[in-house]
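# Overview (structure and organization)
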Amino acid sequence: MEYNYLSLLKKIKTYIPKDNIITDPTLCYAYGTDASLYRITPKIVLKVRHAEEMSKFIKDALFYKTPITFRAAGTSLSGQALSDSILVVLHENYWKKITIIDNGKEVSLEPGLIGGDVNLILKPYGYKIGPDPSSINSCKIGGIAANNSSGMCCGVKLNAYHTLKGMKIIFCDGTVLDTLNKNSVDTFKQKHFDLLDSIYELRLQLLENKPLREKVQTKYRIKNTTGYGINALLDYENPIDILQHLLIGSEGTLGFIANINLETIPLKNNQMTGFFVFENIENACEAVVEITKLNPDAIELMDFLSLKSLVPISEIGFYDSHLSKGSKPAALLIQIQGDSSDSLIDKAASINKESLRHNLLFKYDFTKDENQTKNLWDLRKALLPKVGAHRERGSTLIVEDVTVPLTCLAQATIQIQNLLKKYDYTDGVIFGHAMDGSLHIVFSQQFNHQEGHKKYQNFIDELVRIIVNDFNGSLKGEHGTGRNMAPFVEQEWGKDAYSIMQKVKTLFDKTFLLNPGVIINDDPEAHLKNIKQKEIHHSDLDKCMDCGFCEKVCPSEGYTFTPRQRNTILDKIKSLDNQSNHYNTKKTHKIFQHYGVDTCATTGACELSCPVGINVGQLILTEKSKSDVLVKSKFVDLIAKNFEITTDIMRFNLSSLSFLKKLLGKEFVERKSMQINQKISSIPYVGSNFPNALKKNQLQKIAQSDNQLKQVVYIPSCINRLMGNNDSNKQESPLIEIVVKVLSYFGYNVLIPQNINELCCGLAFKSKGFLKSYHFKNDEMLSSITEMKLTSDNTPILMDHSSCFDCLIEKNKNMNIYEPFRFIDEYILDRFASSPSKDKVLVHIPCSSIKNKLHQSFYNVMNKISENIEYTELECCGFSGDKGFFYPKLNENALRKMSRDKISCDYGVSNSRTCEIGLADHTGLEFNSIFHLFNQLIESQSLKLEQVE
Ligand SMILES: Cc1cc2nc3c(=O)[nH]c(=O)nc-3n(C[C@H](O)[C@H](O)[C@H](O)COP(=O)(O)OP(=O)(O)OC[C@H]3O[C@@H](n4cnc5c(N)ncnc54)[C@H](O)[C@@H]3O)c2cc1C
Ligand code: SF4
Ligand code: SF4
């Protein structure tokens, strides 16, 4: 590392904690990916906590001449969130303050908040923020503002630029300006008079240049994020207003946005969506022009290639035969919103009438139905993943984003289609926000050979010519210039405008400290450098398009790696393997073992938010099984085949720990075990909710059930067979006893397999990568169940632990298997009356229940028995089987995402014993199974049976 970086490091270590400074090359490499086609490894990654720290650091970076790039969620598509110098990320525990102003009409936001989360908070007030990129559930306010992002409804009027009310900015010399604070503004005016004066000069220069002035006005009638937003020089007279509007869309090249106030948009109560297919693109685009006059909220265009990639669409009855009816059909997905149902119906009728005038081939009429609406939007959302997931292995996904005047939309689409054909991009699709003339072009390219670069270069050159020369369009409508279109800003805007943009950059940042190479870049081939080359893995990893949508749900985000970073390093390991670089492979493997493998919960929460459905946990398990299998599999097979003995040994270990706690004191064992665990992760952390052993004879006693009425097969998981209650738990009976008691109360004959002590669903083996033993145990459990003498094929099978239920049902989808909540919902809920409890209950829906879409059962059960319910809203709590005992920090890290006010609940319930232990440890609340709650209701006589069959 160069001397200036070393000096900077020395300086910043005096005020930035060492854990927040990352210099290891493998860890830095993991941050070298955003959602674009580029990959650049930073020398240093810094996690900055607050504005004061940021201001101090920026000042030091300026002094030591070490360029910096800010990163919010890293979902940018043009390469603007990458750096070969210092990448500054927002520390995951900070930058999330939100202040609701004027009952929701305005909102003050820190840059680390996720856009979708802000909208959830605003929803009860009846508002949302204006910018609506389709990545809103992953991207952060800092990135949304710095890219001036927009989506299908916000058009050119509701983006951050037009809804901006104020901003706190940190400039490259460390100066902080709060445009909403009079003192701050006055001080800034005094100290930075020259900057403000020069900005005003630029305004005058632009006002005096009539052709340029008109050009700027014309170009911002459509979406444009190429270059700086120099419309600010025309739209505002006050230099402070100009300055803060220039920051919007500046991609971190002019200053850091430490806070932003936005005016919000009122939510409309009703909405309808319809799908219309026209004979050709011209007809579709003519329809757009006319339908736009009827005030729809969104019109999404899908070109012929998009449609072709989607058919057959059986949910709406659209098949291949429909495609052959027109020359090259194109579709519009139209959404209308309104305050009253009647006005919507009128609007739908007008649009239907209008569509008939444009050679309509097929229509799926406007619907309000939630499922049908979801099906329709899923079509649109499927387009990007379709190309992403099915692209050639080892290729890189490219998303270009142009905008043309609405009147040219059809012609532009046809020309781009021809261009894709000319360059043999046969997987390419074009879709976009039609009302805005916005077109997304998605295709893939292999970059592992020089011809690939050349082909992409020629394609881009031609695309630029078409958009600029033929249509006077924007090369980037929404996604920002980045390094992808930086070489073409002058071509799009012309010499005079580009010269103003260059002046803007030097006024704010004359040494190019902030995000150099982005927006203003003299290198005509900048867009061809640092393109990432993907390795071929022959697994789901080949589908990954680095979008980063999986990051926010990952329990290890902020502690070790995110799913995207795991994929990035797996790619790196493959590349090193291919180069036979054994030394570096070994080093990288070592880092990956902790950051990628050991601290991955492997529960697959990432799969649920991944557009192409990648379960990174599964990839990690496969990796793990490769490395462990040869060494330990015979021993593990032995354990699997002698499971009762194994659990006996574990029971003995648990008893010994309980004895130790009694002997040495609970707090001492807790503290000591944490210290040892931090050094040797194979020694468990014995937290305050660490369970005592459940005596085996206790289980045998329970297992002898009487012959009563209806049958239910009850499979106590090995976890619940092994673990009794803990010392701090108020429950006296173990869960198994409680389950049998509750089931019997509702008139069930509870059957437990004879050889239950030998049984395990196999998850304990699967989660450690021992796939052979997993299959053996899973099959063994299944045959034990099928051998039971049941009176009906439909006899329900109840597993008392959510992830074991998931593990069993995954391989046996047609079986009648239940976890507690769905079982209660289907078999018990309508059999009693109860007066809902007033206690405030915190409910945790584990990731395995989320994966199996069991939310509704949780809601149904809880709504009947309690009036006061909060949900943890965690996608994964990170405890993951027994991992929480060995990696308690993973669990702690995941739970930091839960808002602290939930801790004010009286107690918690769930359907997973291990999640309950982790939640109890880190919230201080007592957590139990839902069956415990039912037992309490029975004992307190709050339940009244309505019917017993
Ligand atoms: C599948 C997919 C779909 C997408 N759809 C859309 C879409 O519909 N519309 C759209 O506009 N975009 C879209 N994007 C692009 C991207 O998600 C958005 O532009 C998003 O707003 C970027 O936010 P981020 O938090 O990821 O920012 P990042 O990518 O981390 O950063 C974006 C830029 O802002 C700078 N920056 C970040 N924080 C700050 C700060 N506090 N102060 C100053 N500069 C800062 C960074 O240096 C960078 O230049 C999509 C991306 C993907 C992968
Ligand atoms: S795993 Fe999925 S969500 Fe995560 S970066 Fe890859 S494609 Fe995106
Ligand atoms: S399985 Fe869980 S911990 Fe592992 S990468 Fe996916 S979300 Fe993260």
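Note that this is a predicted model, so its numbers are computed, not measured.

### Quick word on the overall build of the protein
Summing up its helical and strand segments, the protein has 39 helices and 27 strands in all. Principal axes of the C-alpha set define a box for the protein whose edges measure 95 × 70 × 60 Å. Surface exposure of the protein reaches about 38,700 Å², of which carbon and sulfur atoms provide 51%. Distance between charge centroids for the protein: 4 Å, based on 111 positive and 110 negative side chains.

### As for the UniProt feature "domain: FAD-binding PCMH-type" (unreviewed entry) in the protein
Per the UniProt record, "domain: FAD-binding PCMH-type" (unreviewed entry) is annotated on residues 38–267. Split by type, residues 38–267 is 35% helix and 20% strand. Its first and last C-alpha atoms lie 37 Å apart.

### Considerations on the nonpolar core
Residues Met862, Ile930 and Phe934 are the most contacted members of the largest nonpolar core, which totals 67 residues. Take this core: its biggest share by element is seven residues, from helix H29 (residues 735–745). No fewer than three residues from each of domain 4 (660–825) and domain 5 (833–945) sit in this core. If near-sequence neighbours (up to four positions away) are discounted, Ile930 is found in contact with Pro820, Phe821, Ile824, Val861, Met862, Ile865, Val909 and Ser910. By size, the runner-up hydrophobic cluster in this structure holds 57 residues, among which are Leu332, Leu419, Leu420 and Phe443.

### Focus: a nonpolar patch on the surface
Judged by side-chain polarity, Phe659, Leu660, Leu663, Leu664 and Phe668 come together as a nonpolar surface patch covering roughly 480 Å² of accessible area. Per-element tally for the nonpolar patch: the top contributor is helix H25 (residues 643–664), with four residues. Following the sequence through the fold, Phe659 ends up in helix H25. For Phe659, a relative accessible area of 55% translates into the label exposed.

### Comments concerning the sheet that holds strand S15 (residues 396–403)
Ordered in space as S14-S11-S13-S12-S16-S17-S15, the seven strands form an open sheet in which the pairing is antiparallel. Either end of the sheet is taken by a strand with one partner, and the two such strands are strand S14 (360–367) and S15. On average, adjacent strands in this sheet sit at an angle of 15° to one another, irrespective of strand direction. As defined by bridge partners, strand S12 (residues 298–302) adjoins strand S13 (residues 330–338) across five bridges and the pair is classed as antiparallel. Bridge pairing in S13 places Ala298 opposite Gln335. Together, strand S11 (270–278), S12 and S13 form the strand contacts of helix H12 (residues 281–292), whose direction differs from that of S13 by roughly 15°. Its contacts with the sheet put helix H16 (residues 370–390) on S11, S12, S13, S14, S15, strand S16 (429–433) and strand S17 (438–445), and the angle it makes with S11 is roughly 55°.

### A few points about the site of ligand 3
For ligand 3, the full set of nearby residues is Cys554, Pro555, Pro563, Arg566, Cys600, Ala601, Thr602, Thr603, Gly604, Cys606, Val616 and Gly617. Those elements that place two or more of their residues in the shell around ligand 3 are helix H21 (563–578) and helix H24 (616–641). By residue class, the composition of the shell around ligand 3 is seven nonpolar, four polar and one charged.

### Some words on the site of ligand 2
All residues in the neighbourhood of ligand 2 are listed as Cys544, Met545, Asp546, Cys547, Gly548, Phe549, Cys550, Arg564, Asn567, Cys610, Pro611 and Val612. When the residues that make up the shell around ligand 2 are grouped by side-chain class, the tally is eight nonpolar, two polar and two charged.

### Topic: the environment of Ser784
As for its placement among the helices and strands, Ser784 is situated in helix H31 (residues 771–786). The class of Ser784 is buried, set by a relative accessible area of 9%. A sequence separation of 320 residues divides Ser784 from Val464, and the C-alpha atoms of the two residues are 66 Å apart. Ignoring any residue separated from it by four or fewer positions in sequence, one finds Ser784 in contact with Asn755 and Leu759.

### Details of the sheet that holds strand S24 (residues 866–871)
The four strands are arranged S24-S23-S25-S26 in an open sheet whose pairing can be described as parallel. Among the strands making up the open sheet, the edge pair consists of S24 and strand S26 (927–929). Going across the sheet, the axis of each strand differs from the next one's by a mean of 35°, ignoring polarity. Examined bridge by bridge, strand S23 (residues 837–843) and S24 share five bridges and lie parallel to one another. Paired with Ser837 across the bridge in S24 is Ser866. Relative to the sheet, helix H35 (residues 855–865) contacts S23, S24 and strand S25 (907–910), its axis offset from that of S24 by approximately 140°.

Parameters at a glance
Residues numbered from 1 in each chain as written. Chains lettered and ligands numbered in written order. Predicted model: local features only at pLDDT ≥ 70, side-chain atom pairs only at ≥ 80, totals over all residues. Heavy atoms only, no water. Helix = DSSP H or I, 4+ residues; strand = E, 2+ residues; numbered from the N terminus. Areas by Shrake-Rupley, 256 points an atom, 1.4 Å probe, with all protein chains shown as cover. Lys, Arg positive; Asp, Glu negative; His and termini not counted. Charge placed at Lys NZ, Arg CZ, Asp CG, Glu CD. UniProt positions renumbered as here; feature names shortened; annotations may be inferred. Core = buried A, V, L, I, M, F, W, Y, C linked by side-chain atoms within 4.5 Å. Buried < 20%, exposed > 50% of the residue type's maximum accessible area, 1.4 Å probe, protein only. Domains from an automatic or database assignment. Contact = heavy atoms within 4.5 Å. Patch = residues over 30% accessible without salt bridge, like charges linked within 9 Å, V, L, I, M, F, W, Y side chains within 5 Å. Salt bridge = Lys/Arg side-chain N within 4 Å of Asp/Glu carboxyl O. Pairing = 2+ DSSP bridges. Axes fitted to C-alpha atoms, helices over the stretch in contact; angles between N-to-C directions. Near = heavy atom within 4 Å. Nonpolar A, V, L, I, M, F, W, Y, C, P; charged D, E, K, R; others polar.

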